[in-house]
Amino acid sequence: MSPPCCGFLAQYTHHHLVAFLLTFFSYVLLHASRKTFSNVKVSISAQWTPTVQNVSLPAFSPIKTWEENKLFADSDEATMFLGALDTIFLFSYAIGLYVSGVVGDRMNLRYVLTFGLCGSAIVEFVFGTLTEWLQFYNIYLYCGLWVLNGLLQSAVWPCVVAVMGNWFGKSGRGFVFGIWSACASVGNILGAFLASSVLKYGYEYAFLVTSLVQFAGGVVVFFGLLTSPKEVGLCLETETGLSPVETDRDSHRPLMSDEEEEDRSEEVCDGGYYTIQQGDTEPEESHKAIGFCQAFSLPGVLPYSLAYACLKLVNYSFFFWLPFYLSRNFGWKEAEADRLSVWYDVGGIVGGTIQGLVSDCLGKRAPVLALSLLLAMGSLVGYSHSPPDQVVNGALLAATGFFIGGPSNMISSAISADLGRQEALRGSQEALATVTGIVDGTGSIGAAAGQYFVSLIESKLGWMCVFYFFIVMTGGSILFISPLIITESRTLWRDRQARRRQL
Amino acid sequence: MKAGCHQQQNVEAVLFIINVCLFGGYQLTELQVCHVCNGTVQNGTAIGQLCSASAGLLDGRCCLGRRENPSDADYVLGLDLSNCSLNYVDRLQEAATATMIDLSLNPLVSLDNLLFEGFIQLRHLILPAHLVCPGGNASWDKVEVKGESLYCEGQKDICNQTGHLSLTCPENSLCDPDGPGLYECNCVGDFHGYKCRRAGQFPIIQVLGPLGASTVLVSILLWVTQRRKVKSA
């Protein structure tokens, strides 16, 4: 079932290519601007606080330069608030995913996507640039804007997945989606690059540049995106024939299994509609959909959801806090820290791909997951003791990304798909979306809560305890899936024994 | 001048006011600090000598220096407020250029720490004997009491001292003297903005231009190749 190389490329037109690039870069730009916020945290917290000075000495003069802004008394308080903003963002993003899916279903995907991109670009501009230009710092305004940003950004992901699902059918999807799923990490890298190259002019320009680019992306999407082959008279004939029964067999074919899009789009095309039922959204809306509680009690769903909550917590903590940690702990310049944090994403891309391939070859996910998570705990210990050397730190970072980003991708995508296609579900088309929604939703809530805990632990106990927290969380995710690890390892071993006996 | 008088009143109750309103309006470049109390600088005093040595202009209690450019206002070279019955002094900013100030023979209780903020040229300060030199004795080359007066002579540059409290300004800024015992941390070179964290000017044209142009270009290109072919159902 592996994609036949030459034949399958020939079926694609330039429309496919444009749709691929537009959806890819939509999410790249979105993630780039998300990354910008985490990369300018040090600058923002400096802007919000007066200069810290020994109590016995007088404050630095002139006051306008050193003491004027007193939104927070010191950088610890500012750090707490920045952590709270991350939490707020993740919660509203999680909630928004459900809402925006419903909206996306009923309206033109192109409009929703443009609205999400441009709207969030404007909100980021107001948040980061306008408030600074007006010297207006207000925590309630910041919170309100970030809730709005979470809601607007959540409109993008279901739309790009739906568009991709419309254009790319089953044959070769593993390959196409494998490349496509790098968009979040590419976005992180682009965001880190953009932020670090303009940060010296002031953090407000980092927001300005990323929001301008994102807005431009929204405009281009509006004028260029075809949401479905149907729009230009191409048809979806290859995807409509597949029945849900076939997907069972299909889930065992070799594919780059680190892409969550794959399963959602399957949903899309199996339905054969060009108005899409978006992946992890509105399960209750669809016909014949399996109930939320019913899906929750499916075998494997609860363990993987909880495991993913732990893992996404760690993964997102790295995403949100890494540059801040690097510049605070090692005293490296913010731009240097941003550049270094890219290695975590590089590790995540490579890790997700390789581990997905390995798990495809084995036909089992949990053992690969368990091994990677064990190594992740080791690499976390190693990373927490990293010497203040940028090369060593970068290497350890890449390893940590490899072992944490890989499993995180796998659970959110391939494993969600496996769970949504299991025996107990046959005949219910909408189970996959519901299951993916539960896994992703639980993960997002875990990630949101984690941002609060990270800032709390950091300010009360220091960074070392944050790493212990990560290690415990990674261990927790192993614990939650341990029953599955045992059963899958057993069958794997039995299969091997049987094969050896045959020989 | 009347309006100015009211404004003054609104800001704070100052002992200068009456003097200002009485003596104000003589000349456009009136310096209020010179008319805090009656009388003029006496020839025999230190400030009188300074004034005749530097060809300054006497105006009330001040010795004024002339600028090169005639349209510029005069500036205070020396200020003699001795024997003025002052209980306190809270505004001297007009005399920030002075090299010599005499506040002796006044019933002053104390002086504000920041009274001499910005007085970087002040080299001779005469105070009632029971006061201390601003910034402490360490901020002056020579401190001595003669009769009822305290002489603070030769202001030290606090930024270039060794052995004294180390004045480490934050990153991207350097120490500049700002009066006796006082200093400022000013951004170095290209740095500016709050906490001197910003460097250079953002090249807004170089960013907006190409970005806008390429957005328009790509939009047109994609419209022509993609959305123009949409078949309306």
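Residues numbered from 1 in each chain as written. Chains lettered and ligands numbered in written order. Predicted model: local features only at pLDDT ≥ 70, side-chain atom pairs only at ≥ 80, totals over all residues. Heavy atoms only, no water.

S.K.: Where do I start with the pairing of strand 5 (residues 124-128) of chain B in this structure?
M.R.: On any regular strand, side chains alternate: one points to one face of the sheet, the next to the other face. Residue and element names in this part refer to chain B. Among the five residues of strand 5, four are classified as buried, and the element is accordingly described as predominantly covered. In this sheet, strand 5 lies alongside strand 4 (residues 100-102) in parallel orientation, the contact comprising three bridges. Looking across to strand 5, one finds that Ile101 is bridged to Leu125. (Buried < 20%, exposed > 50% of the residue type's maximum accessible area, 1.4 Å probe, protein only. Helix = DSSP H or I, 4+ residues; strand = E, 2+ residues; numbered from the N terminus. Pairing = 2+ DSSP bridges.)

S.K.: When you look at the interface of chain A and chain B in this model, what are you seeing that I'm missing?
M.R.: When the parts come together, some accessible area is lost, and that loss is often what is quoted as the size of the interface. With 48 residues of chain A at the contact, the number on the chain B side is 39 residues. Counting the surface lost from both chain A and chain B, the interface buries some 3,300 Å², and carbon and sulfur atoms represent 61% of this. Contact with chain B buries surface across chain A, with Trp66(A), Tyr201(A) and Phe223(A) losing the most and accounting together for 19% of the total. Our count for the contact surface shared by chain A and chain B stands at three salt bridges. Between Arg227(B) and Glu231(A) there is a salt bridge; the shortest N-O distance is 3.4 Å. Where chain A packs against chain B, one counts 15 residue pairs in polar contact (both at pLDDT 80 or more). (Contact = heavy atoms within 4.5 Å. Buried area = accessible area lost by both parts, 1.4 Å probe. Salt bridge = Lys/Arg side-chain N within 4 Å of Asp/Glu carboxyl O. Polar contact = N/O pair within 3.5 Å; in protein donor to acceptor, adjacent residues only side chain to side chain.)

S.K.: Looking at this structure, I do not really get the nonpolar core. What am I missing?
M.R.: Across soluble globular proteins, you tend to see nonpolar side chains buried next to one another. Among the nonpolar cores identified, the biggest contains 118 residues, and Trp48(A), Leu85(A), Tyr304(A), Phe318(A), Leu326(A) and Phe470(A) are the most heavily contacted of them. Per element, the largest residue contribution to this core is 17 residues, and it comes from helix 16 (residues 301-329) of chain A. Those residues within four positions of Phe470(A) in sequence are excluded, and the remaining contacts are Val314(A), Ser317(A), Phe318(A), Leu380(A) and Val454(A). Residues Leu81(B), Leu111(B), Phe116(B) and Leu125(B) belong to the second largest nonpolar core, which totals 32 residues. (Core = buried A, V, L, I, M, F, W, Y, C linked by side-chain atoms within 4.5 Å.)

S.K.: Teacher, can you tell me more about the domain arrangement of chain B here?
M.R.: All names here are of chain B. In terms of domain boundaries, chain B breaks down into domain 1 (10-156) and domain 2 (157-216). Taken together, the contact between domain 1 and domain 2 spans 14 residues of the former and 10 residues of the latter. Interface of domain 1 and domain 2: buried area, both sides summed, is about 840 Å²; carbon and sulfur atoms make up 61% of it. Applying the counting criterion to the domain 1 and domain 2 interface returns zero salt bridges. Between domain 1 and domain 2 we count two residue pairs in polar contact (both at pLDDT 80 or more) in total. Within the side of domain 1 that touches domain 2, the residues separate by chemical class into seven nonpolar, five polar and two charged. (Domains from an automatic or database assignment. Nonpolar A, V, L, I, M, F, W, Y, C, P; charged D, E, K, R; others polar.)

S.K.: Please explain the UniProt feature "domain: EGF-like" (unreviewed entry) in chain B as it appears in this structure.
M.R.: In the numbering used here, UniProt assigns the "domain: EGF-like" (unreviewed entry) feature to residues 185-196 of chain B. Spanning residues 185-196 of chain B, this segment combines 0% helix with 42% strand, and its end C-alpha atoms are found 10 Å apart. (UniProt positions renumbered as here; feature names shortened; annotations may be inferred.)

S.K.: Even after reading the chapter, I still don't get helix 6 (residues 109-133) of chain A, so can you show me in this structure?
M.R.: Turn by turn, an α-helix covers 3.6 residues, leaving residues three or four places apart pointing in a common direction. All names here are of chain A. Given a rise of 1.5 Å per residue, 25 residues ought to cover 36 Å, and the 35 Å separating the end C-alpha atoms of helix 6 matches this to within 8%. Across the 25 residues of helix 6, 18 count as buried, placing the element largely inside the fold. The positive-phi residue at the C-terminal boundary of helix 6 is Gln135, with phi of around 55°. (Expected span 1.5 Å × (residues − 1).)

S.K.: What should I look at first to understand the state of the cysteines in this one?
M.R.: Linking two cysteines covalently through their sulfur atoms gives a disulfide. The tally for this structure, following the rule as stated, stands at seven disulfides over all chains. Note on cysteine connectivity: Cys159(B) is disulfide-linked to Cys175(B), with sulfurs 1.9 Å apart. In this structure, the disulfide formed by Cys159(B) and Cys175(B) twists by about -65° around the S-S bond and is classed as left-handed. On the criterion of sequence distance, the pair formed by Cys159(B) in the loop between strand 7 (149-155) and strand 8 (173-177) and Cys175(B) in strand 8 is long-range, its members being 16 residues apart. Here Cys187(B) engages in a disulfide with Cys196(B); their sulfurs sit 1.9 Å apart. The sign of the S-S torsion, about -85°, decides the handedness of the disulfide formed by Cys187(B) and Cys196(B): left-handed. Cys187(B) gets classed as partly exposed once you look at its relative accessible area, which sits at 28%. Residue class for Cys196(B) comes out buried when judged on its relative accessible area of 0%. Here Cys465(A) is not cross-linked by a disulfide; its sulfur's nearest cysteine counterpart is in Cys310(A), at 18 Å. (Disulfide = S-S within 2.5 Å.)

S.K.: Help me understand a nonpolar patch on the surface, please; the structure alone is not making it clear to me.
M.R.: A contiguous nonpolar surface patch, about 710 Å² in accessible area, is contributed by Met107(A), Tyr111(A), Phe222(A), Phe223(A), Val216(B), Ile220(B), Trp223(B) and Val224(B). For the nonpolar patch, the secondary-structure elements that each account for two or more residues are helix 11 (203-224) of chain A together with helix 4 (204-225) of chain B. By residue number, the principal contributor to the nonpolar patch is helix 4 of chain B, which donates four residues. For Ile220(B), the location among the structural elements is in helix 4. (Patch = residues over 30% accessible without salt bridge, like charges linked within 9 Å, V, L, I, M, F, W, Y side chains within 5 Å. Areas by Shrake-Rupley, 256 points an atom, 1.4 Å probe, with all protein chains shown as cover.)

S.K.: Please explain the packing of aromatic side chains as it appears in this structure.
M.R.: Aromatic rings considered in pairs are described by the distance between their centres and by the relative angle of their planes. By the definition in use, this model includes 42 aromatic pairs over all chains. Judged by centre distance (6.0 Å) and plane angle (25°), the rings of Tyr111(A) and Phe222(A) are stacked. With Tyr111(A) in helix 6 and Phe222(A) in helix 11, this residue pair connects regions lying 111 residues apart in the sequence. For Lys41(A), the ring lying beneath its charged end belongs to Trp321(A), and the centroid distance is 3.8 Å. One residue, Lys146(B), lies across the ring of Tyr151(B), its end atom 4.6 Å from the ring centre. (Phe/Tyr/Trp six-rings, centres within 6.5 Å; stacked < 30°, edge-to-face > 60°. Lys NZ or Arg CZ within 6 Å of the ring centre and 35° of its normal.)

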